[in-house]
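Observations on the model geometry
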Amino acid sequence: MGRTVTVATCALNQWALDFDGNLERIFKSIEIAKEKGARYRLGPELEICGYGCSDHYYESDILLHSFQVLAKLLESPDTQDIICDIGMPVMHRNVRYNCRVIFLNKKILLIRPKIALANSGNYREMRWFTPWNKLRHVEEYFLPRMIQEITAQESVPFGDAVLATLDTCIGTEICEELWIPTSPHIEMGIDGVEIFTNSSASHHVLRKAHTRVELVNSATAKNGGIYILANQKGCDGDRLYYDGCAMISMNGATVAQGHQFSLDDIEVLVATLDLEDVRSYRAEISSRNLAASKVIPYPRIKVNFALSSSDDICTPTSESIQWKYHSPEEEISLGPACWLWDYLRCSKQGGFFLPLSGGVDSSATACIVYSMCLQICHAVKNGTQLTPRPINTDQDSQPIRMKKKPFWHSSRLAPNLKLKPL
């Protein structure tokens, strides 16, 4: 009986409105995940269009181009035989949602809208999206014709549901839902969900990584299970820096840790874990088992696919590790420096002008720029490609243009608006 599962999560540097570049990085992450034996791949929040699209979310072109990219993913042989969990905006009954689109072998399994939106501090998701308030409820979503031609599906499930594969059960959270008191993973875990996924666009704040790691580990410490977190990285054309830190945790312990500050555009973490460890862990928690006997069940989407194989008895599994944190001084040095480098690439400029007055402000800025230069040199020595994003000049390509360019339109938010025709 198969019991070990191999799963992958990503930290991707996705740019707002860079549909071509974002598609390329998604493809590359799926390729790496498959090469490492993963049968489930999770990406960051809104990875198709980029998280920081601001008021461009109001434009219907965003939805159109997102579905064009999804069509490319669905029809590609690179996405076959692996469950792909992709983030994009979706409009359902004239309401715009921040969604996960989960598909397998040219079939969309589920579109899962975000339940709890981030709407405090630097986040303004309620300005562009609406939370899905129908818990444990699934509706019928009618697909665009361009997707129907690929999937041969007229409609797919849309709402709060979980995936039941041949060997396990998978539940979805999206970013903010991990941080709220009534996180969905609590009820999902009691209902038998063994693998929780979370696609995030969580920005860097000093010592925030401690809280994020504690939340992920605690999500499975009391209830057991496997938790997979993906995150955006880079500045995404906005004021914030998203610091990666993708991770995989099981039964309260970290088993895979991603980099917090890295100039690599693509980072893929893969772990092989034993489902029997989850089941044994839960069997000893009598209070959980009592709660499970009276929980309101989630709608289950049956998936004729297994994350494990029948001959995995001798497959080695990932061991728990101790998370390695940066010191506060390192975070202050590395975080703003990574933001500077991404901003420089977004703007496609040749460098920064640094006036030095000798005061504290200019001295601190000079130190951050020096830190940026050190990271660039280190990345180059490691073979990382750090050239600015090229604009597609293929003769067969057609530029994607917004129908309107309002006064708040910024070219640095959209460094590449070209997408090859479908």
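Residues numbered from 1 in each chain as written. Predicted model: local features only at pLDDT ≥ 70, side-chain atom pairs only at ≥ 80, totals over all residues. Heavy atoms only, no water.

Points about the pairing of strand E1 (residues 4-12)
Along E1, nine of the nine residues are buried, which leaves the element largely enclosed by surrounding structure. Neither face of E1 is left uncovered, since the one carrying Thr4, Thr6, Ala8, Cys10 and Leu12 and the one carrying Val5, Val7, Thr9 and Ala11 both have all their residues buried. The pairing of E1 with strand E15 (residues 266-274) spans nine bridges and is classified as antiparallel. By the bridge assignment, Thr6 is partnered in E15 with Thr272. Note: E1 against strand E2 (residues 40-42), two bridges, orientation parallel. Each bridged residue has a counterpart across the sheet, and for Ala8 the counterpart in E2 is Arg41. Where the polypeptide runs from E1 across helix H1 (residues 19-35) and back to E2, its parallel neighbour, the crossover connection is right-handed. (Buried < 20%, exposed > 50% of the residue type's maximum accessible area, 1.4 Å probe, protein only. Helix = DSSP H or I, 4+ residues; strand = E, 2+ residues; numbered from the N terminus. Pairing = 2+ DSSP bridges. Right-handed = clockwise from strand over helix to strand, strands pointing away.)

Brief notes about the domain arrangement of the protein
Each assigned domain of the protein is listed here: domain 1 (4-302) and domain 2 (328-382). Summarising the inter-unit geometry, the C-alpha centres of domain 1 and domain 2 are found 32 Å apart. Contacts between the two partners involve 18 residues from domain 1 and, on the opposite side, 15 residues from domain 2. Summing both partners gives a buried area of about 1,500 Å² for domain 1 against domain 2, and 67% of it is carried by carbon and sulfur. The interface formed by domain 1 and domain 2 includes two salt bridges. The tally of links from domain 1 across to domain 2 stands at six residue pairs in polar contact (both at pLDDT 80 or more). Split into classes, the residues belonging to the side of domain 1 that touches domain 2 amount to eight nonpolar, six polar and four charged. (Domains from an automatic or database assignment. Contact = heavy atoms within 4.5 Å. Buried area = accessible area lost by both parts, 1.4 Å probe. Salt bridge = Lys/Arg side-chain N within 4 Å of Asp/Glu carboxyl O. Polar contact = N/O pair within 3.5 Å; in protein donor to acceptor, adjacent residues only side chain to side chain. Nonpolar A, V, L, I, M, F, W, Y, C, P; charged D, E, K, R; others polar.)

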